[in-house]
Amino acid sequence: MDRRAAVLLAAALGLTASVLAQGPRRDGRWEVKMEMDTPGMPAGMPPMTTTQCITPDEAKDPQKSVPQGRGGRGNEDCKVSDYKQDGNKVTWSMKCEGQQPMTGTGEFVYAGDTYTGTIKMEGGRGAMTMKYSGKRLGDCTK
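The structure contained in this document is the topic of the report that follows.

What counts and what doesn't
- Residues numbered from 1 in each chain as written.
- Predicted model: local features only at pLDDT ≥ 70, side-chain atom pairs only at ≥ 80, totals over all residues.
- Heavy atoms only, no water.
- Pairing = 2+ DSSP bridges.
- Helix = DSSP H or I, 4+ residues; strand = E, 2+ residues; numbered from the N terminus.
- Axes fitted to C-alpha atoms, helices over the stretch in contact; angles between N-to-C directions.
- Buried < 20%, exposed > 50% of the residue type's maximum accessible area, 1.4 Å probe, protein only.
- Polar contact = N/O pair within 3.5 Å; in protein donor to acceptor, adjacent residues only side chain to side chain.
- Contact = heavy atoms within 4.5 Å.
- Salt bridge = Lys/Arg side-chain N within 4 Å of Asp/Glu carboxyl O.

Moving on: the sheet that holds strand β5 (residues 102–111). Strand order in the open sheet made by the seven strands is β2-β1-β7-β6-β5-β4-β3, with antiparallel pairing throughout. Looking at strand neighbours, the two that pair on one side only are β2 (48–54) and β3 (77–86), the edges of this open sheet. In this sheet, neighbouring strand axes are inclined to one another by 20 degrees on average, regardless of whether the strands run parallel or antiparallel. Inspection of the sheet shows strand β1 (residues 28–37) paired to strand β7 (residues 126–138) by nine bridges, in the antiparallel sense. The residue bridging Met-34 from the neighbouring strand is Tyr-132, located in β7.

What follows is the structure, given as structure tokens:
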């Protein structure tokens, strides 16, 4: 997978994961750091940090806000299944179709105003692991 495709996919999956895994997470403004490990990719790809605001409704119903597609690239479509919450841990499976079909799993563990998690994806161009850490920065308006 070339670097540009990997960055686009990682950004979209990062958004998907952070929106998806809101079960025990509180609403508010969150800073999310994502580190990606893709065998065969050049070392030294820097971590990506984003900030997002989660509304109370989004925090209550995480699956209704899962974005479709990967970075707005045409008809590629990612579907979430097997979403489970057990205490402060959420897990799910994902299947993406389109030009670069992939399947994967995710697991996030929450601890009040922080969380950590991992998403593992595999497709025709190889495997990738994305590690996440998030922290709540405070309230926000959306």
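On we go from here.
Once that is clear, we can look at the side chain of Arg-136. Following the sequence through the fold, Arg-136 ends up in strand β7. Owing to a relative accessible area of 14%, Arg-136 belongs among the buried residues under this scheme. Only 2.6 Å separates the side chain of Arg-136 from the backbone oxygen of Asp-27, close enough to count as a polar contact. Side-chain polar atoms of Arg-136 contact the side chain of Asp-139, separated by 2.6 Å. Excluding its chain neighbours within four sequence positions, the residues that come into contact with Arg-136 are Arg-26, Asp-27, Gly-28, Arg-29, Trp-30 and Asp-113.

Attention now goes to the pattern of salt bridges. This model, assessed by the stated rule, comprises four salt bridges. Between Lys-95 and Glu-97 there is a salt bridge; the shortest N-O distance is 3.9 Å. Residue class for Glu-97 comes out partly exposed when judged on its relative accessible area of 44%. We note a salt bridge from Asp-139 to Arg-136, for which the minimum N-O separation is 2.6 Å.

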